[in-house]
Amino acid sequence: MKSFSFTEIHILQVKMRTLTSPSGQEEAVTVRRSESADAQGIDSLITPSAQAVFGRVNVIHLLEKANLAVTLANEKDDIVAHASFFDHPLGDLVDPAHWEPFLQKHFRAEKCAPLNTLYLHLFVAQPNFVTASVKEIMRAVFNAVGELEYICLVSPNIGVLEPALKEVFEPLNRLTDPGPQCSAFICRRQKLCPRLHIRPARVEDHDDIMHLFAEQTKLLQTTDVADQSYFLAGLIEAQNEKNCTAVCESDGVVVGFISVSSDVDLKQLHSFELSEFDGLYKQIKHDEAAAQPASSKVEEDSQQEKTLSNGAGQFSENSNAFCIQFFAIDKSYETRSADLIPYVFKLFPNLDFCIITVPMLSPEFLLLQNFLRVPHRITSLLPYELYIFPRTGLRSVKVRPAVAADRLAVYDLVLGLSLEESLLQDLDCFYETCSDLDGVPLQAFVAQVDGQVVGILIMRDEQDVEYIRAHYNIENFIYFSHHRYEEHAQIRHFVLNPSFQHFSKHLFKEVLRLAHKSCLYHRMYPPDCSQENSCVHHLDFVLNCAVPVRPRRQIIYPLEELGINAPSRRITEDQAPFAVSLISRKLTMEPKVSVNARIVVVGASDTGLSFLEVLCFCPHLRFNNLTLISTHGFPSDCNHEDVGFLSTSHAYSSRDLAQLPLHSYVSVMTGKMVGINRMSKYVRVSGGEKVPYDHLILCTGLQYQVPCPTGVDVSQPVTNSQLPAQSTHRRYTGPVPSNLFTLNDLHDCMAAHRWLCANFVEQEDNAVVYGNSIDVFTTVETLLSLGVQGHRIHLVLTPPEPAASCLSDPDVEKAVVTAMSKAEVQVHRNCTLAQMNHGEKHPDPLTSVSFSNDAEPLHLQCGVFFNLSNKGVDYDAFKSINNSFLVFDSRLVINASFHTSDEAICGAGPLTKYSRSYYTDEWSQANFNSKEVGQELAAMLLPLFDPTQEPADEPPPGADRLVPLYKQAKIQGGKLPGGFNYLHVSKPRAANLTEPPARHLQDRRIVTGRVETGNYFCLHLDCYELVETLTCLSLKPLPVYNYLSLYGKHQQLLGQLLTRYNQGLIHDLYSFFRQSWCLAVCHDRFADFEQELQQITSTTDDESWQQLTEDADNSSVLTPESRAALRSSAVKYLSYNRNLLPMFAYPGQL
């Protein structure tokens, strides 16, 4: 199984530590979160004394269910020590949901609460380093979990603690005698990791503070040290009621500094969404203000004040916030930054909000993880982010099951939210029957602060566990077999007061414990989807805690032929598509790295969407400022195949888009880019808005342009060869006729479809389709399918580009021409648009068109005109690029790493070309799969934001002069005249190749069926017998995703395809690939299985390989050991994936 493991960020910073044994032996170790790969090493450290205390342990299960598991590993990655921590006591001593009253009844532990307590379930270590290891792990856990005060060891096993554990744990005093038969110990934070001591800063702290700034900022390297020193000294000396400074100490040493001020200009924050915090103002009645103490008046006199009046009298609105001006802390103590928050609030007892602003490109430091990031408007030009911590956030949150008495408080909490009625209905169902209207069990929990309900979560048992497992890659995050079906649940509703958002993870952790669940799913349906009936506020609170789960490519099963061997209906049933996020027990204590850099993508092309997809699916990163600028907004959720007109790359279907969480992570600006200001770093949009960026990604692709008539006098004999050189490339600047449709995206196609149904289908006018690409044929088929008679359709083909072909296969082209002829579609070749409405300046509506060609001019009456010609860079995009002085040479010029002449601006996809300095004009990104290009662009940018990625190796000399070549197939499909379903998959090739491709001695073209009968299937194998090209033309629907998985596969993996074909055993490739053996190849994890097989075969050493190949009696070059390993791997592959591949037998089934 492919298993995912978070890289340890923030919560356990990976640092080298040195352990010393009692004998003086030293060992350098790293402290990190445990991974599933550690299980074997951990298991080897379990001793009889450990079993006496912790019982028998299934290590994999322990790692899967632990809230926090910590490992010490040496430089060889050998396990030195391990500890696992849960949010409930060990074993079945007490129900995990009720440990708090149990502990407080039997032991003196009244301060232990779910928020501040964890339980040790296992500790093991190498014998020489037991004492040093337990102290190191405990310190790491206390440092990582800021709210943690106690670690308990409560076990039903009455065993003797190891001396090392006795050094950090002390027995819990019993309150009952005889009490429960168990051992109970506690480790207090104060013993190993006391909180920092905080006091006002003094002038004598100056040198220590300057040392902190010198280590953590570059300020001292660029400014005069003396000036900076005087400034800091002045800041400390000038402390008063409005400006305060403080330091934090550890063992008497200054390790941190903070400066706060109540002098806040709230007018500078108008671009942030502060309505939920009353704009950071406090409303005070005038008579109350007069009664305030003098000290409070002095403080508020310095703050902004607005006077309001209403029926109840006059009010003043005073600033209700103070700000952090400077903050620095030693890296070794950064995890304890939150210790400063209660102290600074005591400095301003009358103010309720602490705020801090940080530059967009500044990495998020640990203090900010306790703050709420305030969203800003998409067009805000402010170069910083705003974070808020409310005073109410200092209070402790208690999570408990909801009771009937909570209903009124919940009603007040959710009042005014969308779908509040659905939430209250489910809450009432919970009160009445503990199940929803479909009879599915419900559970409801509330978060309470000082008796006030501040949050609610309603969950239902997940009924589609098998469907989610089959359709989404949840096994990248969990070992499915270690989670019972009843442990999976779905978030129905979630509402939390923003003041307590930093408790979100705790709330989810508590809900999982109280509900006896281990996995919590959140479904996100497309906007306006009828299935969307969950009230979630705020969605960001969920996304900050959950990991997005990728959808899986699905096998298209021949269900009727498989019969009882088909997968379960729970898997194959058709459900409305949705995106999924997952919260599991081990993710509840795993923070993410927030990335505030403003990344703006221009163009909702395959390249742009795949780039955004990669960023959104980074599980440990949270991109807060992703923006997509698109002419028609986010691609519509309507089905592209149903609308027709344009061919498809099969990169993103409407279902694919619905399964991606882009709507939740990406802000969409509808409009066209009309300008780029590189100095101020913003994009101007056609609506007048300015969208700021730190990284700008240009991937608008190429569009069909409105044709500009050449204007030649068609009353005189004129041919294309006589046209002026530039006449066919002029830009049309006049008004576009209402019945002229230039089709570039789904929005255009839907508009054309609606217009045709309302104004044309029932009429007798002609439809003119103009262009020379596959799209003209798919448009003709769409017109025919709408009921437009063939004799009314005129297909006008422009002169073809050199070495270009609309359809890749001459047999396919012949079949399409024949089908159009039978439908009486009239085809005119080598035509160039000369006039519209006989040369009128404002031809609206368009009633006639004239063309020049190689013979007599062509005159056509026209009721609707479909333009699919002159594909190029959109004029507004060109003007924006050119006017911003980016290099443009018929395309946007980039280097091999996607950068333009501006490091902050990248380009990708067909919009671009490589610089001429590469001497490779025949290669551009238009030659490759656009989805793969977008993925590679994201991979190039991610190291800028991901602290877990290792620096890239230095490329070999001269490598920077090479352009990258990508491997994924170019895909083209659509419905062609005659009702043919067409699919063409090919290897990327260089453009403008005039020489015919080299033919090998052996014919590697495999063809079955005929185009005339609608069952044509053609495969080409390369010299290594890998599938290089695939062409299908069928009257039946094609299982496209099955056929896409054939690309790049060796013919032997495809049932000895070439051998059987040469033997005359394969008469129909459609039937051949519909056989059940092929479904294993179509499985989305088959590529991982292939890699595993390659690793097994590559382990044969060179000497054995040579001996086997020289032995004529051997029919195989594999050793018996390798053969056995291959069989074992194949059995594991089929067994593990038997939910999707039940048609295969596996050991133990019979």
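Residues numbered from 1 in each chain as written. Predicted model: local features only at pLDDT ≥ 70, side-chain atom pairs only at ≥ 80, totals over all residues. Heavy atoms only, no water.

The name recorded for the chain in an unreviewed UniProt entry is Cilia and flagella associated protein 61, from Sparus aurata.

**Student:** Could you give an account of the overall build of the chain, with specific residues and numbers?
**Tutor:** The secondary structure content of the chain amounts to 36 helices and 53 strands. In summary, the chain has a C-alpha radius of gyration of 34 Å against a globular reference of 32 Å for 1150 residues, a match within 12%. Dimensions of the chain, computed from C-alpha atoms along their principal axes, come out at roughly 105 × 90 × 70 Å. The buried share among the 1150 residues of the chain stands at 55%. Pairs at least 24 residues apart make up 73% of the contacts formed inside the chain by residues separated by at least 6 positions. In the structure as shown, the chain presents an accessible area of about 51,400 Å², 50% of it carried by carbon and sulfur atoms. Once the 96 positive and 134 negative side-chain charges of the chain are each reduced to a mean point, those two points are 2 Å apart. (Helix = DSSP H or I, 4+ residues; strand = E, 2+ residues; numbered from the N terminus. Rg over C-alpha atoms; globule rule 2.2 N^0.38 Å. Buried < 20%, exposed > 50% of the residue type's maximum accessible area, 1.4 Å probe, protein only. Contact = heavy atoms within 4.5 Å. Areas by Shrake-Rupley, 256 points an atom, 1.4 Å probe, with all protein chains shown as cover. Lys, Arg positive; Asp, Glu negative; His and termini not counted. Charge placed at Lys NZ, Arg CZ, Asp CG, Glu CD.)

**Student:** Give a detailed account of the pattern of salt bridges, specifying residues and quantitative values.
**Tutor:** Throughout the structure, instances matching the rule amount to 49 salt bridges. Taking the shortest distance from any N to any O, the salt bridge between Glu475 and Arg469 comes out at 3.0 Å. The exposure class of Glu475 is buried, given its relative accessible area of 1%. By relative accessible area, Arg469 is classed as buried at 11%. Among the salt bridges present, the one from Arg622 reaches Asp540, with a minimum N-O distance of 2.9 Å. Here Arg622, found in strand β29 (residues 621–623), pairs with Asp540, found in helix α18 (residues 539–545); they are 82 residues apart in sequence, far enough to count as distant. Taking the relative accessible area as the measure of exposure, Asp540 reaches 31% and is therefore partly exposed. (Salt bridge = Lys/Arg side-chain N within 4 Å of Asp/Glu carboxyl O.)

**Student:** Describe the sheet that holds strand β10 (residues 243–250), listing the residues and the values that go with them.
**Tutor:** Read from one edge to the other, the open sheet built from seven strands follows the order β9-β10-β11-β15-β16-β18-β17, with strand pairing classed as mixed. Edge strands, defined here as strands with exactly one partner in the open sheet, are β9 (197–200) and β17 (372–374). Each strand axis lies, on average, 35° off the axis of its neighbour in the sheet, ignoring direction. Bridge count between strand β15 (residues 321–329) and strand β16 (residues 353–359): three bridges; the pairing is parallel. Its bridge partner being in β16, Ala321 is matched across the sheet by Phe353. (Pairing = 2+ DSSP bridges. Axes fitted to C-alpha atoms, helices over the stretch in contact; angles between N-to-C directions.)

**Student:** Which residues make up the environment of Val145, and what are the values?
**Tutor:** One can find Val145 in the loop between α5 (130–144) and β6 (150–155). Sequence spacing of Val145 and His61 is 84 residues, and the spatial spacing of their C-alpha atoms is 23 Å. Not counting residues within four places of it along the chain, the set of residues in contact with Val145 comprises Leu68, Arg189 and Met589.

**Student:** Can you lay out the environment of Phe326 for me, pointing to particular residues and giving the numbers?
**Tutor:** Summarising the element assignment, Phe326 is placed in strand β15. Overall, Phe326 belongs to the partly exposed group, its relative accessible area being 27%. The spatial distance from the C-alpha of Phe326 to the C-alpha of Phe213 is 9.9 Å, given a sequence separation of 113 residues. When neighbours within four sequence positions are excluded, Phe326 is seen to be in contact with Phe213, Phe231, Leu235, Phe257, Ile258 and Ser259.

**Student:** Give me the lowdown on unusual backbone geometry, citing residues and values where you can.
**Tutor:** Between His537 and the following residue, His538, the backbone shows a cis peptide bond with an omega angle of -5°. As for its placement among the helices and strands, His538 is situated in the loop between β24 (536–537) and α18. A cis amide bond links Asp844 with the next residue in sequence, Pro845, at an omega value of 0°. Examined against the element boundaries, Pro845 turns out to sit in the loop between β41 (832–836) and β42 (848–852). A positive phi angle, close to 50°, is found at Asp450, a residue other than glycine.

**Student:** Hey, could you go over the packing of aromatic side chains for me, with residue numbers and the actual values?
**Tutor:** Counted according to the given criterion, the structure contains 36 aromatic pairs. With 5.9 Å between their ring centres and 50° between their planes, Phe430 and Tyr431 make a pair best called tilted. Taking the relative accessible area as the measure of exposure, Phe430 reaches 12% and is therefore buried. On the basis of relative accessibility, which here comes to 25%, the residue Tyr431 falls in the partly exposed class. Judged by centre distance (6.2 Å) and plane angle (45°), the ring pair of Tyr875 and Phe878 falls under tilted. In this pair, Tyr875 and Phe878 are both assigned in helix α28 (residues 875–883), three residues apart and thus about one turn of the helix distant. Just above the ring of Tyr875 sits the side chain of Arg731; from NZ or CZ to the centre is 3.5 Å. Between Lys871 and the ring centre of Tyr704, over which it is positioned, the NZ or CZ distance is 4.8 Å. (Phe/Tyr/Trp six-rings, centres within 6.5 Å; stacked < 30°, edge-to-face > 60°. Lys NZ or Arg CZ within 6 Å of the ring centre and 35° of its normal.)

**Student:** Tell me about the packing of helix α14 (residues 407–414) against helix α15 (residues 420–433), and please be specific about residues and values.
**Tutor:** Where α14 contacts α15, the two axes come as close as 10 Å, and the packing angle between them is 165°. By the criterion of interaxial angle, the relationship of α14 to α15 is roughly antiparallel. With respect to the hand of their crossing, α14 and α15 are arranged in right-handed fashion. Residues Arg407, Val410, Tyr411 and Val414 of α14 form the contact with α15, whose participating residues are Glu420, Leu423, Leu424, Leu427, Asp428 and Tyr431. A class-by-class count of the residues in the contact of α14 with α15 yields seven nonpolar, no polar and three charged. (Parallel < 35°, antiparallel > 145°, perpendicular 65-115°, else oblique. Left-handed = near helix turned anticlockwise from the far one by under 90°. Nonpolar A, V, L, I, M, F, W, Y, C, P; charged D, E, K, R; others polar.)

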